[in-house]
Amino acid sequence: MARWCYRHRLVVLLLWVGALCGLAVSASSAGTNYANVFSLPDTDSKRAYDLLEKAFPERAGDTDTVVWKVEEGSVRDDAVRSRIEPALREISGMEGVGDVTGPYEEQGRTQIARDGRIAYAQVTFTEQADALPKDLVQDVVDTARGAAGDGLQVEVGGQAVARVQEPPTGTAELVGIAAAAVVLFVAFGSVLAALLPIVVAVFGVGTGMFGTQLISHVTDVPDIASLLATLIGLGVGIDYALFIVTRHRRGILAGADPEDAAVTALNTSGRAVLFAGGTVCIALAGMLVTNLRFLDGVVIGTSLTVVLSVLAAITLLPALLGLLGHRVLSRRQRRVLVARGPEPDRSHGLAARWSAFVQRRPRAVGALALVTMAVLAVPLMSLRLGTVDQGNDDVTTTTRKAYDLLAEGFGPGFNGPLQVVVAGEAPASLVTAVERTEGVAQVAALPPANGVTVVQVVPTTSPQEAATDRLIDRLREDVLPQSDVEAHVGGVTAVSKDFASVTADRLPLFVFTIIALGFLLLMLAFRSVVVPLTAALMNLLAAAASFGVLVAVFQWGWGLDLLALGTESPIPAFLPIIMLSLLFGLSMDYQVFLVSRMHEEWVHTRDNARAVRVGLAETSRVINSAALIMMCVFLAFVLSGDYGAAMAGVGLAAAVALDAFILRTALVPAAMHLLGRANWWLPAALDKRLPHLAVEPAQSAPEETAGPGGSTPGGSPAVVHGFVRTADGEPVEGAVLTLLTEGGRQLDRVVALADGSYILAVPGPGTYLLAATATPYSSGAAHVTVSGDGPVVHDVELAAGEVDAVN
């Protein structure tokens, strides 16, 4: 498939351009039909809502607030009333507005603050906020704020208003893409090569977003699905293309034809991309086990975008590589390639030195990494799920100003009133008991209607405080059961608390599901029980540490001023599910790319230390570059203006950084060094029953080095491997080792890595000649005997004028 896409590059490119443009036109014509269908069956707040909807169908919609404040005088002054009352009458006459209750009416006399400077009116719509036309809500906002001026401040707050003041989309995405482009340019040194992953990601995310818009017309898809799809699509799209382009460039630098290099890259890294994309989709699908139906649309939108990003990486990318040819390299690399010829495919520099250091000090590295992650996870112990409200909005928004005015005039609990909904008439004893409950600031019983009574309860604390949650528990468990009537506690604050409780109850099942699925996939991929078990533990550790960072920043307020993100708040109840899905998916990506290279080396040499060392040396740089790109994309969402999106961006950026820079680069390889050959243990009975899944197949040995059938009876080419060192034990980087027959015919030739390690392919049992050359050492040779029982470990010591076998 890669070769076909490379050779028919114009056809593939036109197909993708046509698909993107066609979906864009269709989505623009059809518009969006996002539906935030939110329901919490079998909860007290849902039963309260059902009673309200039955008794007050015209008032069962969203209730927003118009609040005004005078600099001098009183809101009762005629000059103020003459400006406010006409605006309220105009709002009440709008289609879609069910009722407007102002402070100048008898039933609204309590809607004026004690000092007389702040008042509010309640605007009740006929539908919930998510179902209201934005034009209607914008008309309400414009009409209300049009009454301001001459010392009169008018603001509007509520869920419906929040939807029309959402910041324009695209800024965060553009900033993230620009930052990713800078990282890619630094990594590749070529503008064209740096643009490749971005172009692929744009096609994947673009088709995914437009496809999700069209799907919203046939099923319930919340509007947050588009944001999350963009967030994850940009990250994985750029990362997947980065892995493939890196492998392709390495092949060209090693002397391969661009077409062959592209085919090899897709047949190796491309397979890993397919597998990694599948694991992300499976992790996202894990949200379905929570049985929170509003998340179904999130799964659809994000999974579709991931699938299309993977498809773009394995079809569009080889076509673009065909268009660029050798220009995928920088000009300097092309000049060096022409002047000096192919360079050996080897790891060097910081990555190789770090890998060798981890091998020498696995206990120290592992302990330091583990302590770091444990310390970062400590704040998790104080995690409190809840909801963010308009008190966390930007201080320049009308919703935040309205929130602050209401808190100033009527107390902090006024922004999160509770509703005690009673089936029938509320007994006076019940109202009195509620009024005397600790944490209640104000109680007002409304007249019964259609057999239902609503008792408005204003807490003494703000909606986000833990004391408000305790008040709801006291009302439900102590106060209401003592009455002889059916009564339930509802309202936005109660709904948020119930959602947090339901989420917390279902979170363990969700975590177990995605951990179990990830374990099975990795066991199939790497034919091991220990590798997936290690990955599962590391994923849990990464989740704990990233949520610790999230709690420290947003719940404790560490760094909120630096990020300009408002005030402290509990962690939104939906965020753990969303974050864990993305985190486990991305963690599996890095685990697959890291361990697949280790597994390939293990299959060749059966030397665990070498497999871990080489795998880390050859993949750590690209994994760290990919993580840095992810961090840029995620952190850019701090600029989105949406507090929830900023929280998700910071949390995911922290998770990716900890996973890539600490876990995959330090703790995982250190643990694998300590576990030794046990890493690759799989019970024989299980090995026979499991299907074989090739994530990243090993490179085939050259034809002249293959035995009968291309391999030894064990199923893979025999090898000789070891280290090249000086007499003082120092590694010799760049030593050229050549394997020859006793007659002098060359069989294989390699260059030693930075730590002095090498590996040579052997056609089969026999005695061979191993020659080594390194400046300033003299050339020399030694005989090596291969018995056919497995890989041969042969260390080489270079001294002046000779090559001696150490063992």
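Our subject in this report is the structure included herewith. (Residues numbered from 1 in each chain as written. Predicted model: local features only at pLDDT ≥ 70, side-chain atom pairs only at ≥ 80, totals over all residues. Heavy atoms only, no water.)

Its location among the elements puts Glu 797 in strand β18 (residues 796–799). The exposure class assigned to Glu 797 is partly exposed, which follows from its relative accessible area of 26%. (Helix = DSSP H or I, 4+ residues; strand = E, 2+ residues; numbered from the N terminus. Buried < 20%, exposed > 50% of the residue type's maximum accessible area, 1.4 Å probe, protein only.)

Next up on the list: the packing of aromatic side chains. What characterises a pair of aromatic rings is the spacing of the ring centres plus the angle enclosed by the ring planes. Within the structure shown, the criterion is met by 9 aromatic pairs. Aromatic rings pair up to connect Tyr 120, Phe 410 and Phe 414 into one cluster. Here Arg 725 stacks its cationic end above the ring of Phe 723, 4.3 Å away from the centre of that ring. (Phe/Tyr/Trp six-rings, centres within 6.5 Å; stacked < 30°, edge-to-face > 60°. Lys NZ or Arg CZ within 6 Å of the ring centre and 35° of its normal.)

On to helix α19 (residues 530–555). Relative to the 38 Å expected for 26 residues at 1.5 Å per residue, α19 spans 36 Å between its end C-alpha atoms, a close match to the ideal helical length. One or two residues past the end of α19 sits Gly 557, with phi positive at roughly 90 degrees. (Expected span 1.5 Å × (residues − 1).)

Turning our eyes to something else, we now look at the sheet that holds strand β4 (residues 152–157). Strand order in the open sheet formed by 4 strands is β2-β3-β1-β4, and the pairing between neighbours is antiparallel. Two strands lie at the open edges of the sheet, namely β2 (97–101) and β4, each paired on one side alone. Averaged over all pairs of adjacent strands, the angle between strand axes in this sheet comes to 20 degrees, irrespective of strand direction. Bridge count between strand β1 (residues 63–70) and β4: 6 bridges; the pairing is antiparallel. By the bridge assignment, Lys 69 is partnered in β4 with Gln 153. (Pairing = 2+ DSSP bridges. Axes fitted to C-alpha atoms, helices over the stretch in contact; angles between N-to-C directions.)

Let us look at unusual backbone geometry. Here Asp 150, not a glycine, exhibits a phi torsion of approximately 55 degrees, which is positive. With respect to the helices, strands and loops of the structure, Asp 150 is situated in the loop between α5 (134–145) and β4. Residue classification places Asp 150 among the exposed positions, given a relative accessible area of 77%. Positive phi, close to 50 degrees, is recorded for Arg 527, a residue that is not glycine.

This part takes up the side chain of Asp 469. Its place among the elements puts Asp 469 in helix α17 (residues 466–479). By relative accessible area, Asp 469 is classed as buried at 17%. Dropping the residues within four chain positions of it, Asp 469 is found in contact with Arg 384 and Lys 497. (Contact = heavy atoms within 4.5 Å.)

With that settled, consider the nonpolar core. Counting 154 residues, the largest nonpolar core has Met 287, Phe 554 and Phe 634 as the members making the most contacts within it. Looking at this core, the element that brings in the most residues is helix α23 (residues 643–675), giving 20 residues. Trp 68, Val 100, Val 156 and Val 161 belong to the second-largest nonpolar core, a separate cluster that totals 31 residues. (Core = buried A, V, L, I, M, F, W, Y, C linked by side-chain atoms within 4.5 Å.)

Take a negative patch on the surface next. Side chains of Glu 90, Asp 135, Asp 139 and Asp 142 sit close together on the surface and give a patch of like negative charge. It is α5 that provides the largest number of residues to the negative patch, a total of 3 residues. As for its placement among the helices and strands, Glu 90 is situated in helix α4 (residues 78–92). Given a relative accessible area of 47%, Glu 90 falls into the partly exposed group. (Patch = residues over 30% accessible without salt bridge, like charges linked within 9 Å, V, L, I, M, F, W, Y side chains within 5 Å. Areas by Shrake-Rupley, 256 points an atom, 1.4 Å probe, with all protein chains shown as cover. Salt bridge = Lys/Arg side-chain N within 4 Å of Asp/Glu carboxyl O. Lys, Arg positive; Asp, Glu negative; His and termini not counted. Charge placed at Lys NZ, Arg CZ, Asp CG, Glu CD.)

Let's shift gears to the pairing of strand β3 (residues 118–125). Burial of β3 is extensive: 7 of the 8 residues sit out of reach of the surface. In terms of strand pairing, β1 meets β3 through 7 bridges, oriented antiparallel. Counted as the bridge partner of Thr 65 is Gln 122 from β3. Where β2 meets β3, 4 bridges bridge the pair, whose relative direction is antiparallel. Its bridge partner being in β3, Asp 99 is matched across the sheet by Thr 124.

Spatially, 4 strands are ordered β7-β8-β6-β9 in an open sheet, and the strand pairing comes out antiparallel. The sheet is open, and its two borders are formed by β7 (440–445) and β9 (487–490), each paired with just one other strand. Neighbour-to-neighbour, the strand axes of the sheet open up by a mean angle of 20 degrees, direction not taken into account. As paired elements, strand β6 (residues 418–423) and β9 share 4 bridges and run antiparallel to each other. Bridge assignment links Val 421 to a residue of β9, and that residue is His 488. Each of β6, β7 and β8 (452–459) touches helix α16 (residues 428–435); the most contacted strand, β7, lies at about 160 degrees to it.

A cluster of basic side chains, namely Arg 331, Arg 332, Arg 335 and Arg 340, defines a positive patch on the protein surface. Tracing the sequence through the fold places Arg 331 in helix α12 (residues 331–340). Exposure remark for Arg 331: the relative accessible area of 64% places this residue in the exposed category.

Attention now moves to the state of the cysteines. For the coordinates displayed, the defined rule picks out 0 disulfides. Cysteine Cys 21 remains unbridged, with the sulfur of Cys 5 as its closest cysteine sulfur at 19 Å. For Cys 21, a relative accessible area of 43% corresponds to the partly exposed category. For the unlinked cysteine Cys 281, the closest cysteine sulfur is that of Cys 5, found at 20 Å. Judged by its relative accessible area of 16%, Cys 281 is buried. (Disulfide = S-S within 2.5 Å.)

Turning to the side chain of Thr 493, a few remarks are in order. Relative to the elements of secondary structure, Thr 493 occurs in helix α18 (residues 492–526). A distance of 3.3 Å separates a polar atom in the side chain of Thr 493 from the backbone oxygen of Gly 416. With residues near it in sequence (within four places) discarded, Thr 493 still touches Gly 416, Pro 417, Leu 418, Pro 463, Thr 468 and Ile 472. (Polar contact = N/O pair within 3.5 Å; in protein donor to acceptor, adjacent residues only side chain to side chain.)

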